[in-house]
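# An overview of the molecular structure
Residue strings, one per chain:
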Amino acid sequence: MDGQVVAAFGRHFEVETADGGIVACVTRGKKGGVACGDRLRIEMTGPAQGVIKSIEPRASLLFRSDEFREKIIAANVTQIIIVVAAQPSFYEDLVSRCLLAAEAAGLKALIILNKCDLEQETRAALAQLQLYRDLGYPLLTLSAKQDISPLRPYLRGETSVLVGQSGMGKSSIINALLPEVQAHTREISQALNSGKHTTTHARLYHLDGDSHIIDSPGLQEFGLAHVNAQDIAHAFVEFRPYLGGRCRFSNCRHLVEPGCALLEAAAAGKIDPRRLEIYRKLAG
Ligand SMILES: Nc1nc2c(ncn2[C@@H]2O[C@H](COP(=O)(O)OP(=O)(O)O)[C@@H](O)[C@H]2O)c(=O)[nH]1
Ligand SMILES: [Mg+2]
Ligand SMILES: [Zn+2]
């Protein structure tokens, strides 16, 4: 039978089948690496229970990693939505890192500044985020509590994943988009008993036939150890004009080398120091 992972709890998964039914699945043996959004072949082992036989090839895979391990966030998404809010304060580094992960995975990116009903705090956050707007990333100010409608056009035809620190309002956004669905999925989860494994998990919701959205657990860090040095530089959209043989040395790492086109551009004020700093951390 074919299905799609709509919730991932470690080694336990809820898989939605073509008829809309939900099957509680496990992976056999130690096979890991199944993510929310994955399309699968499963084998039924009981009523509403099954095992995962194989994963279909993925159109995309979003993950983060440090030097020790990789953490898959979602599979088959087309867009990353980075959710920040003025309160509690957010780590700007994380915004850049999520954008880099989006570029490395070939995904669209959207930044949401949520809780814009908190007007004073929002003004300061907007000034901070102007950099990303200047880089060409869409930035939407939103109050999930007051009006979710400005977000809807961005979601049409996309499979989006909401990422960000906890407390920014990711789940509130889902709740505003799909007020009834959330309670309903909780009930199914309880009935299947798959919800007991952990409360922090990724879950996919259907907005319409070809628009879907994944809520993911809050993250504090976004390691990019899986992106190699060359791809990292290219993931900085504003670096691209200075890459590809513009430096004196063909193996330039753009860190300390003389005659580096990128460092010259930075010295001329064409690259924001915040971004260069992140690059140094990642490539150094
Ligand atoms: N003022 C305000 N608070 C919000 C808004 N959206 C979410 N919150 C609050 O922010 C807190 C965290 O929201 P939640 O959706 O759980 O964040 P998540 O951890 O990113 O999923 C909750 O107390 C929400 O009520 C908003 O638009 N305005
Ligand atoms: Mg949440
Ligand atoms: Zn260089």
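Residues numbered from 1 in each chain as written. Chains lettered and ligands numbered in written order. Predicted model: local features only at pLDDT ≥ 70, side-chain atom pairs only at ≥ 80, totals over all residues.

## Some remarks on the overall build of the chain
Note the cut-off: Helix and strand assignments follow DSSP, with helices taken as H or I runs no shorter than four residues and strands as E runs no shorter than two, numbered in order from the N terminus. Throughout, radius of gyration means the C-alpha value; the globule benchmark is 2.2 Å times the number of residues raised to the power 0.38. Residues are called buried when their C-beta atom has 20 or more other C-beta atoms within 10 Å, exposed when it has 12 or fewer, and partly exposed otherwise; all C-beta atoms are positioned from the backbone. Here the contact rule is simple: place C-beta atoms from the backbone, and any two residues whose C-beta atoms are within 7 Å are in contact.
Helix and strand content of the chain: 8 helices and 13 strands. Relative to its length of 284 residues, the chain is compact, with a C-alpha radius of gyration of 20 Å against a globular reference of 19 Å. Reported as C-alpha extents along the three principal axes, the dimensions of the chain are approximately 65 × 45 × 30 Å. Split into buried and exposed, the 284 residues of the chain put 36% on the buried side. Long-range pairs, those at least 24 residues apart, make up 65% of the contacts in the chain between residues at least 6 apart in sequence.

## Remarks on the domain arrangement of the chain
Often, the extent of an interface is quoted as the loss of accessible area upon association of its parts. Note the threshold: Domain start and end points were adopted from an automatic or database domain assignment.
The assigned domain composition of the chain is domain 1 (2-55), domain 2 (61-215) and domain 3 (229-283). Taking only C-alpha atoms, the centre of domain 2 and the centre of domain 3 are 29 Å apart. On the domain 3 side, the residues contacting the 9 residues of domain 2 number 8 residues. Per-element tally for the side of domain 2 that touches domain 3: the top contributor is helix α1 (residues 92-105), with 6 residues.

## Brief notes about the environment of S171
Relative to the helices and strands, S171 resides in helix α4 (residues 170-177). A residue is classified by how many C-beta atoms lie within 10 Å of it, and S171, with 19 of them, is partly exposed.

## Remarks on the pairing of strand β9 (residues 108-114)
Note the following rule: The pairing criterion for strands is at least two bridges between them, as found by DSSP. By the criterion used throughout, a crossover qualifies as right-handed when its path from the first strand across the helix to the second strand runs clockwise, the strands pointing away from the viewer.
Along β9, 6 of the 7 residues are buried, which leaves the element largely enclosed by surrounding structure. With 7 bridges joining them, strand β8 (residues 79-85) and β9 adopt parallel strand pairing. Residue pairing in the sheet places I82 in a bridge with I111 of β9. Traced from β8 through α1 to β9, the parallel crossover comes out right-handed. Where β9 lies against strand β10 (residues 139-141), 3 bridges are found, and the strand directions are parallel. Each bridged residue has a counterpart across the sheet, and for I112 the counterpart in β10 is L140. In this fold, the crossover linking β9 to β10 by way of helix α2 (residues 119-134) has right-handed handedness.

## Thoughts on unusual backbone geometry
Both trends apply: most residues other than glycine have a negative phi, and most peptide bonds are in trans. In this model, Q87 is joined to P88 through a cis peptide bond whose omega is -5°. With respect to the helices and strands, the residue P88 is situated in the loop between β8 and α1. With a phi angle near 65°, N76 is a residue other than glycine that sits in the positive phi range. Inspection of the secondary structure assignment puts N76 in the loop between β7 (70-75) and β8. Residue classification places N76 among the buried positions, given that 23 C-beta atoms sit within 10 Å. Located in the positive-phi region is K115, a residue other than glycine, with phi close to 65°. Within the secondary structure, K115 is located in the loop between β9 and α2.

## Structural notes on the pairing of strand β3 (residues 22-27)
Here strand β2 (residues 12-17) pairs with β3 via 5 bridges, running antiparallel. Bridging from a neighbouring strand, F13 pairs with C25 of β3. Where β3 meets strand β5 (residues 49-55), 4 bridges bridge the pair, whose relative direction is parallel. Within β5, the residue paired with C25 across the bridge is G50.

## Concerning the site of ligand 1
Rule in force here: As used in this record, a residue near a molecule or strand is one whose C-beta atom, placed from the backbone, is within 6 Å of it. Under the scheme applied here, ten amino acids are nonpolar (Ala, Val, Leu, Ile, Met, Phe, Trp, Tyr, Cys and Pro), four are charged (Asp, Glu, Lys and Arg), and all others, including Gly, are polar.
Not every one of the 16 residues close to ligand 1 is listed here, only the nearest: K145, G169, K170, S171 and S172. Among the elements that make up the shell around ligand 1, the one with the highest residue count is α4 (3 residues). Of the residues that constitute the shell around ligand 1, the class distribution is 3 nonpolar, 9 polar and 4 charged.

## A closer look at α2
Spelled out, the test is: Given a helix with a known number of residues, its expected span is that number minus one, times 1.5 Å. Bending is quantified residue by residue as the angle between axes fitted to the seven-residue window ending at that residue and the seven-residue window starting at it.
Look at α2: 22 Å from first C-alpha to last across 16 residues, which is about the 22 Å you get at 1.5 Å a residue. Where α2 bends most, at Q128, the angle is about 40°. Those residues of α2 lying buried are A125, L129 and Y132. Against the buried residues of α2 lie α1, β9 and β10.

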